[in-house]
Structures are given as structure tokens and as C-alpha cells.
Amino acid sequence: MLRTDNILDTIRMFEEDNLDIRTITMGISLLDCIDSDGEKARERIYKKITTKAKHLVSVAQEIEDTYGVPITNKRISVTPIALIAGASDDTDYVAYAKTLDAAAKEVGVDFIGGFSALVEKGYNKGDKILIESIPEALAVTDKVCSSVNIGSTKAGINMDAVKLMGEIVLATAEKTAEQHGFGCAKLVVFANSVGDNPFMAGAYHGVEEADCEIHVGISGPGVVKRALEKVKGEPMDIVADTIKKAAFQITRMGQLVGNIASQKLGVPFGIVDLALAPTPAVGDSVGEILEEFGLGVVGTHGTVAALAVLNDAVKKGGVMACSHVGGLSGSFIPVSEDHRMIDAAAANQISLDMLLAMTAICSVGLDMIAIPGDTPATTIAAMIADEAAIGVQNHKTTAVRVIPAIGCEVGDFVEFGGLLGRAPVMPVHKESSADFINRGGRSPAPIHSFKN
């Protein structure tokens, strides 16, 4: 049983190192909201979300006030809407997105995820309808986030879906062109997605999860960097041990908050997602951690090796601290949300190719990267295929969240604001990938997927 005196020394981390609970996310199953009448289904969805999550924000605020723990975001994830809406005769699912948006606003959360489809092996009735609804859905809502899983180690990669998602990403950017494609910041394309992820934009409530539960996503790049400052010049095994100890303390705080929230809300505690998720604030950067390893700048030779040590140590420390670690636990490298990554990208010291290599090690993948607005849909699809291949071959979750910045060219900056930060428009390869993408079909699962 956790005791508050076990985490007293963590208070300094909040005050000095930008440690926060990045999110409390309530996962809500909508399977009992299914109805052949779409209007009735949406009424049930709205009622269930607003009932289950009625006290989510107030409980989070109470925990903040009582324990002095900053909780940056309060979020909801729901069953992939393609599974729910597919039972109806509706031919467009934008109305479902509007229902989710209205429910999120009613309970006061920051985001709601689950306008999602899982198509790694093919399409069910509602999948393609949902995917084709994404551009309009994200353009007309404020809090709705969308995700599509197009591959898995067990199934391979649905290359037809990869091609379609390249078109959907570009269409979403065009629908939100006045914000330089901001709608794409709420859209992520996965391989090996997980149903207990508390982080947006990729959160959805898996069908294997409980009816309602609480997940906690924590962060703490500043804590890890401060710890590494004390072991300058020490061997790599000392560095790894130092990171593990910091990750242990951070995770214990996350479990404490999750347990308290679970008790107060009367729903089961799910998992702690130990994610070194940066913000644009100085001192809260994964890039700074990597440079603390001894790299002159994030993106130079040695970056992938340093990231491997960091990610492994974070996971080992987290698993020791909590029996229920899940989600996407590890290190995130979103370009727009990390001031050192922003600086490195703007100075051409880190490229998309290096970022792709880093995603073989880190959590998720090519994240919050602005690319030229005239990038062809087939090039975007090829980026998705490359990232999915890394995930499928390495049995890990990978994803792409790129923003075609409509009207912008390489070197321009796109401003998103808040935690989403700002991003320099990065160059993509000019050579065509169209013939490769237009092949379609399904890329077979790797040989090591056969484990039965």
C-alpha cells in the first residue's frame, strides 16, 4: 500500500524540475451504447460520458489542491467509434464526433479520444466511413482526437489503409488550412496501437478494458536531466542507474495519484504510463536529456544510442515502482513540444531520417512534425509505411502525427500554442513514392509474429 511519506522528496521535483502529472484519463466503454438508430446511439453516448466523467475534473482539482501535484490535462478516451457507429445505417460519422465534443465540453475535459478505427487487417462496415469522416470531424470540433491503426506485428500492414491515410492527413490539413493544418495535430496513424494509452491524440478505450477506469500519464524530463547533471563524466551504467532511480520516484507519484483518483471516482485504476513527455518550456526537454549524455546537439551521431539507454532505464525504473505500467511508457520526441528539438530542427541539425531512426527506440514515432503544405499524399503515406514497418518488425508501438502546413515552406514556423508549441517546417524527400504506395494490398506479417 502506498503512503504519502514515500513521496515527500518528490515535492522538490514539482517545484524545481517541472514534474507534473501530464494527464488523468478516464477510459469509458461505449459498447452498451450501440444501436441501429444512430440518433439513439449518440444520445446514449452523450449520457454515459457525462454521467461517468461528471466529477473527473473536480476530483483532479481536489487532488492538485490537497497534494500539491500539478495535473496538466484531464482527458477521456472511448471505445473506437467505428465499432459503435458501424451498427447504424449512418453513412457519415461527423455527428458522432460532434456528440463527443459536446460531452467533453459539458464535463470540462481538455480532450476526448476515440474517433478511431482499427484496420490493420482490413475494413469492417464502419471503418472506412469513420476514416473518410475524419477531415470534417476534426475541422468542426475542438476537443475530439482521432486515431487509426493500420498495422500490427501479428497482422502486417494494411497498405490500402496506408494510402488512404496519406490522403486523409492531407485532406485534414486542407480543411484546417487557416490554422496551417492544425487539425492534423489531433490525428495519429498507428502500428501496434494499445487500448490503455492515456495520451492524445492516440488514446482510445480498448474493448479488452473494463467498463470504466482511470489511467495516469506522467512526465518528468526535468527530473531526469537534473539527476544526470550530478553524474557528469560517469560511465554509462552509472547513468542508467541514475535514470532508473529518478523514474522510480516519478512513477510512485503517478501510482499514488491514480489510486486516489480511482477511489474518489469509484472506478478501477488502470495503468501508469511513464512517459518522458516534453513541453516547450526550458528545462522540460528530452532533447536536453540526450545532450546531458554528452552529445553536442540532439541529432548528432550517438543520439540513437543515448536514447536507447534512456528509454530502457525509464522503463526499468517504472516497472519496479508500479505493477501496472502500460500505455506507451518511454520517451516521446515530439518536435514542436520540445524546445531543444525545435532548435535542432530549425538549424538543420536533426532531420526526418534521424527522427525516423530514433523512433526505433523511443515511444510512438514521428510526432508533431510540420512538413511543407504541398507534400503529396503518397509521400505522407510512405512516411506512415516506414514508421509502421519499424513498429511491426520490432513488435513496438509506432505512429505518425505530421502536419502538412498549408501555405508554408521549409524554414517557416507554424505556431500551435500551449503544450503543442511551435514547429519549423522540415524538408521531406522530393523523390516520388507514388508507385510504391499505389501497389496497395497487405504487407505480410514478419516471420517472428508466429508465436502460437
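Keep in mind that this is a model prediction, so the values were computed, not measured.

K.L.:
Hey, could you run me through the overall build of the protein in this one?
P.N.:
Secondary structure assignment for the protein yields 15 helices and 14 strands. Considering the protein as a whole, with its 452 residues, one finds that 62% of them fall into the buried category. Counting only contacts in the protein whose residues sit at least 6 apart along the sequence, the fraction spanning at least 24 positions is 78%. Looking at the protein as shown, the accessible area adds up to about 17,200 Å², and 50% of this sits on carbon and sulfur atoms. Positive and negative side-chain charges in the protein, numbering 40 and 57 respectively, have mean positions lying 4 Å apart.

K.L.:
Please clarify how the pairing of strand β8 (residues 269-276) should be interpreted in this entry.
P.N.:
Remark: a regular strand shows side chains that alternate across the two faces of the sheet. Burial analysis of β8 places eight of its eight residues in the buried class, which makes it a mostly covered element. When β8 meets strand β9 (residues 330-331), the two strands line up parallel, connected through two bridges. Bridge pairing in β9 places Leu276 opposite Ser331.

K.L.:
Even after reading the chapter, I still don't get the packing of helix α6 (residues 125-140) against helix α7 (residues 159-175), so can you show me in this structure?
P.N.:
Helices that pack against each other are described as a pair by the angle of their axes relative to one another and the distance between those axes. One can describe the packing of α6 onto α7 by two numbers: an axis separation of 7 Å at closest approach and a directional angle of 20°. It follows from the interaxial angle that α6 and α7 lie roughly parallel. Judged by the sense of rotation from one axis to the other, the crossing of α6 with α7 is right-handed. In this structure, α6 uses Lys128, Ile131, Glu132, Ile134, Pro135, Glu136, Leu138 and Ala139 to contact α7, whose residues at the interface are Leu164, Met165, Ile168, Ala171, Thr172 and Lys175.

K.L.:
Help me out: how do you make sense of a nonpolar patch on the surface in this one?
P.N.:
Together, Leu31, Ile34, Leu83 and Val207 give the surface a local cluster of nonpolar side chains, amounting to about 310 Å² of exposed area. Relative to the helices and strands, Val207 resides in the loop between β6 (187-191) and β7 (212-218). A relative accessible area of 52% places Val207 in the exposed class.

K.L.:
Sorry if this is basic, but what is going on with unusual backbone geometry here?
P.N.:
The phi angle of most residues is negative, glycine excepted, and most peptide bonds adopt the trans form. In the segment running from Met200 into Ala201, the intervening peptide bond is cis, with an omega of 15°. Inspection of the secondary structure puts Ala201 in the loop between β6 and β7. Unusually for a residue other than glycine, His395 sits at a positive phi of about 55°. Tracing the backbone shows His395 in the loop between α14 (377-394) and β11 (398-405).

K.L.:
Any chance you could explain the packing of helix α3 (residues 56-67) against helix α9 (residues 236-265) here in plain terms?
P.N.:
Remark: α3 packs on α9, axes separated minimally by 10 Å, with the N-to-C direction vectors making an angle of 130°. Between α3 and α9, the angle falls in the class oblique. In this structure, α3 meets α9 at a crossing whose hand is right-handed. Contact residues: α3 offers Leu56, Val59, Glu62, Ile63 and Tyr67, while α9 offers Val257, Ile260, Ala261, Lys264 and Leu265. Residues that form the contact of α3 with α9 fall into these classes: eight nonpolar, no polar and two charged.

K.L.:
How should the packing of aromatic side chains be read in this particular structure?
P.N.:
Aromatic ring pairs are reported here in terms of the distance separating the ring centres and the angle at which the planes meet. Going through the model one piece at a time under the given rule, you end up with three aromatic pairs. Aromatic pair Tyr93 and Tyr96: ring centres 5.5 Å apart, planes at 75°, arrangement edge-to-face. An identical accessibility class is assigned to Tyr93 and Tyr96; each is buried. Geometry around Tyr96 places Arg42 over its ring, the cationic atom sitting 4.9 Å from the centre. When the ring centre of Phe413 is taken as origin, the NZ or CZ atom of Arg422, which lies over that ring, is 3.9 Å away.

K.L.:
In this structure, what is going on with the nonpolar core? I would like to understand it.
P.N.:
Grouped together as the largest cluster of nonpolar side chains are 137 residues, with contacts concentrated most on Ile24, Ile49, Ile76, Phe115, Ile150, Leu310 and Leu355. Ranked by residues supplied to this core, first place goes to α9 with twelve residues. Contacts of Ile150, omitting those with residues within four sequence positions, involve Val119, Glu120, Gly156, Ile157, Asn158, Ala161, Val162, Met165, Val189, Phe190, Ile384 and Ala388. Ranked by size, the runner-up nonpolar core spans 13 residues in total, among them Phe199, Ala201, Leu328 and Phe332.

K.L.:
What is the right way to read the environment of Tyr96 from this model?
P.N.:
As for its position among the elements, Tyr96 is in helix α5 (residues 94-107). Contacts of Tyr96, omitting those with residues within four sequence positions, involve Gly38, Ala41, Arg42, Ile45, Ile81, Ala85, Ser88, Asp90 and Phe115. In this structure the side chain of Tyr96 is engaged in a polar contact, spanning 3.2 Å, whose partner is the side chain of Asp90.

K.L.:
Would you explain the side chain of Ser193 in this entry?
P.N.:
Within the secondary structure, Ser193 is located in the loop between β6 and β7. For Ser193, a relative accessible area of 17% translates into the label buried. Of the polar contacts made by the side chain of Ser193, one reaches the side chain of Tyr204; its length is 2.8 Å. Excluding residues that lie within four positions of it along the chain, Ser193 makes contacts with Leu118, Asn149, Tyr204 and Thr397.

Rules used in this analysis
Residues numbered from 1 in each chain as written. Predicted model: local features only at pLDDT ≥ 70, side-chain atom pairs only at ≥ 80, totals over all residues. Heavy atoms only, no water. Helix = DSSP H or I, 4+ residues; strand = E, 2+ residues; numbered from the N terminus. Buried < 20%, exposed > 50% of the residue type's maximum accessible area, 1.4 Å probe, protein only. Contact = heavy atoms within 4.5 Å. Areas by Shrake-Rupley, 256 points an atom, 1.4 Å probe, with all protein chains shown as cover. Lys, Arg positive; Asp, Glu negative; His and termini not counted. Charge placed at Lys NZ, Arg CZ, Asp CG, Glu CD. Pairing = 2+ DSSP bridges. Axes fitted to C-alpha atoms, helices over the stretch in contact; angles between N-to-C directions. Parallel < 35°, antiparallel > 145°, perpendicular 65-115°, else oblique. Left-handed = near helix turned anticlockwise from the far one by under 90°. Patch = residues over 30% accessible without salt bridge, like charges linked within 9 Å, V, L, I, M, F, W, Y side chains within 5 Å. Salt bridge = Lys/Arg side-chain N within 4 Å of Asp/Glu carboxyl O. Nonpolar A, V, L, I, M, F, W, Y, C, P; charged D, E, K, R; others polar. Phe/Tyr/Trp six-rings, centres within 6.5 Å; stacked < 30°, edge-to-face > 60°. Lys NZ or Arg CZ within 6 Å of the ring centre and 35° of its normal. Core = buried A, V, L, I, M, F, W, Y, C linked by side-chain atoms within 4.5 Å. Polar contact = N/O pair within 3.5 Å; in protein donor to acceptor, adjacent residues only side chain to side chain.

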